[in-house]
Amino acid sequence: MTWETVIGLEIHAHLKTRTKMFCRCETGFGEEPNTRTCPVCLAHPGTLPVPNRTAVEWTIKLGLALGCEIAPRAVFHRKNYFYPDLPKGYQISQYDEPLCVDGRFTVTGEDGDLEVGIVRAHLEEDAAKTVHLEGAGGRIVGATRSLVDFNRGGTPLVEIVTQPDLRSAEEARRFLQLLRQTIVELGISDAEMEKGTLRCDANVSVRKVGEEGYRTRWELKNMNSFSYIVRGIDAAVRAQIALHEAGAPVEQDTYDYDADADSLTVHRSKEEAEDYRYFPEPDLVPVEPEPKLVERLRGEVPELPGARIQRYAYELGVNDAWALVMTDRESDFSELVRASVPPRSAFNFVMNQQIPSGANLGELARIATATDLTRTGLQAAVAASANPGFSADDYLEEKTVSDAAELEPLIDRILAANPGQVAAYRGGKEGLLGFFVGQAMKETGGKANPKVLNELIREKLKA
Ligand SMILES: [Zn+2]
């Protein structure tokens, strides 16, 4: 019997607005505790929330990037629960009328495109942060004191909920990576897991392949890196399969993943939605984004990383397209391609070479192309662009073997050893020049001057 994994994700991202969601306190990471507070975010009686317009606009922008519909009317609700880090006794969130609904997010993979349904993306405020002292690993168990830092309380937070469309921990990782890149490029969040500005919970269950419907799921929380998410999901899948195969019940529960022990521990029993006693926040009017505003924001969404991966994949293959988009080398790559460097060469160039900042990439591309984009030629181009008054030819002169008397015997040997290729070249397959250059480069350990080498080989093949 083969088991299939079913994963849905809930992602929270801090918006990097200058001020908090419902007051004018500045947001900030790593400030002195309790220095970013005011009567509103400390829930003093009689204070009233005022929504942050930028946070609303950025959430709409994110919704558009996720292919969502933007609701003509969204309502803030109170989500009631009592925690020391929630001074109002409720969190202002969105419930049955969120801002963004019903999206699709495409993740290009080696085996084709993965379409992940987006149930919703909504706006809420974050809770403050409780720090437990003297307990094991900062946990409440065994702690002697707990302190609350209200700086984080009221930070705008978007929550994104996916359909259970992911079928492996690896798919979940890819989805998250692309989602994170999208959020970062929209300029709305730093989305850094290690700082807690991006958090992810996973709903995990298993079922037999071909089975309809879903079995009981576990919610995994507090996984604060991409690799922990993968390992946490894998641990849950293993444990659930073992339970099912032993005929034991799988209870719906929430777990924390302990990366050190590679194990799951029960977090707390899952509250049902009713437990929160949601009701519309009476102190706020509904958010009703004008179509004109939505269209303006749509116009501000740039070409997204997912679309660029699809575009580059034609030339580079899926994996290299991913690698390119996830680095900061992409603009250099694009500039080289605009200067007529073939995409594959441009990719190898930007991923392998340290391009000095401020380098004239157009000039670099010209030199690199003139030296046939061999590794040595590229190094020459980079060296030249790093040193004003120093040309690629100077570099080649200094660092490579340019002496024809030294190179000719080597070339003769290579031509003699490859009579078939020589005949094919003379018969019109001139693309084989690269093959001979490559052989010579290999034999010289990349030390031959590519320009001289090219000329000599071309000359000899004429004969
Ligand atoms: Zn405040």
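In this report, the structure presented in the accompanying data block is examined. Values in this document were obtained by computation on a predicted structure and should not be read as measured data.

### Side note on the overall build of the protein
Across its full length, the protein holds 15 helices and 14 strands. Looking at the protein residue by residue over its 463 residues, the buried ones come to 35%. Pairs at least 24 apart in sequence give 67% of the contacts found in the protein among residues at least 6 apart.

### As for the sheet that holds strand β3 (residues 76-80)
Spatial strand order, β4-β3-β14: 3 strands in an open sheet with antiparallel pairing. Bordering the open sheet on either side are β4 (90-94) and β14 (279-280), each of which pairs with just one other strand. In this structure, β3 lies alongside β4, joined through 5 bridges in antiparallel fashion. In the strand pairing of β4, asparagine 80 is matched with tyrosine 90.

### Some words on helix α14 (residues 433-443)
Think of an α-helix as turning once every 3.6 residues; residues three or four places apart then point the same way. Looking only at α14, the buried set comprises Phe436, Val437 and Ala440. Down the axis of α14, the buried side of the element spans an arc of 100 degrees, and every buried residue falls inside it. Turned more than 90 degrees off the buried face of α14, the exposed positions are Gly438 and Lys442. Note on α14: the residue one or two positions beyond its end, glycine 445, has a positive phi of about 65 degrees.

### A short note on the sheet that holds strand β11 (residues 218-221)
Judged by pairing direction, the sheet is mixed, and its 9 strands sit side by side in the order β2-β5-β6-β9-β1-β10-β11-β12-β13 without closing on themselves. Two strands bound the open sheet, and with one partner strand each, they are β2 (69-70) and β13 (263-266). With 2 bridges joining them, β2 and strand β5 (residues 100-109) adopt antiparallel strand pairing. Residue pairing in the sheet places glutamate 69 in a bridge with valine 101 of β5.

### Some words on the pairing of β13
With 4 bridges joining them, strand β12 (residues 253-258) and β13 adopt antiparallel strand pairing. For tyrosine 257, the partnering residue across the bridge sits in β13 and is leucine 264.

### Focus: the nonpolar core
Judged by nonpolar contacts, the single largest core of 67 residues is most densely connected at Leu99, Ala121, Ala172, Ala202, Leu220, Ile233 and Ala236. At 7 residues, helix α2 (residues 169-186) tops the list of elements feeding residues into this core. Excluding residues that lie within four positions of it along the chain, alanine 172 makes contacts with Ile7, Leu9, Leu166, Ala202, Ile229 and Ile233. Formed by 14 residues, the second largest nonpolar core is a distinct cluster that contains Leu316, Trp322, Ala346 and Phe347.

### Looking at the pairing of strand β1 (residues 3-14)
In this structure, β1 lies alongside strand β10 (residues 198-208), joined through 11 bridges in antiparallel fashion. For alanine 13, the partnering residue across the bridge sits in β10 and is leucine 198. Bridging between β1 and strand β9 (residues 156-162) involves 5 bridges; their strand directions are antiparallel. Directly across from glutamate 10, in β9, lies its bridge partner valine 161.

### Quick notes on unusual backbone geometry
Notably, alanine 43 is not glycine yet its phi reads approximately 65 degrees, a positive angle. Inspection of the secondary structure puts alanine 43 in the loop between β1 and α1 (53-65). Since 15 C-beta atoms lie within 10 Å of it, alanine 43 is described here as partly exposed.

### Remarks on the packing of α1 against α2
Viewed as axis vectors pointing N to C, α1 and α2 meet at an angle of 135 degrees, and their least axial separation amounts to 11 Å. When the interaxial angle is binned, α1 and α2 end up oblique. Classified by chirality, the crossing of α2 by α1 is right-handed. For the pair formed by α1 and α2, the contact residues are Lys61, Leu62 and Ala65 on the first element and Thr182, Ile183 and Leu186 on the second.

### As for the environment of arginine 104
Mapped onto the fold, arginine 104 is located in strand β5. Along the chain, arginine 104 and leucine 114 lie 10 residues apart, while their C-alpha atoms are 10.0 Å from each other. For arginine 104, the residues in contact, after removing those within four places along its chain, are Gly67, Glu115, Gly117 and Ile118.

### Remarks on the environment of alanine 71
Structurally, alanine 71 is set in the loop between β2 and β3. With 30 residues separating them in the primary sequence, alanine 71 and valine 101 have C-alpha atoms 7.2 Å apart. Those residues within four positions of alanine 71 in sequence are excluded, and the remaining contacts are Glu97, Pro98, Leu99 and Val101.

### Some points on the environment of threonine 5
Positionally, threonine 5 belongs in strand β1. By C-beta crowding, threonine 5 is classed as buried, having 22 other C-beta atoms within 10 Å. When the C-alpha positions of threonine 5 and aspartate 234 are compared, they lie 9.3 Å apart, and in sequence the two are 229 residues distant. Excluding its chain neighbours within four sequence positions, the residues that come into contact with threonine 5 are Arg167, Ser168, Val206 and Val237.

Conventions adopted
- Residues numbered from 1 in each chain as written.
- Predicted model: local features only at pLDDT ≥ 70, side-chain atom pairs only at ≥ 80, totals over all residues.
- Helix = DSSP H or I, 4+ residues; strand = E, 2+ residues; numbered from the N terminus.
- Buried ≥ 20, exposed ≤ 12 C-beta atoms within 10 Å, placed from the backbone.
- Contact = placed C-beta atoms within 7 Å.
- Pairing = 2+ DSSP bridges.
- Arc of directions from axis to C-beta.
- Core = buried A, V, L, I, M, F, W, Y, C linked by C-beta atoms within 7 Å.
- Axes fitted to C-alpha atoms, helices over the stretch in contact; angles between N-to-C directions.
- Parallel < 35°, antiparallel > 145°, perpendicular 65-115°, else oblique.
- Left-handed = near helix turned anticlockwise from the far one by under 90°.

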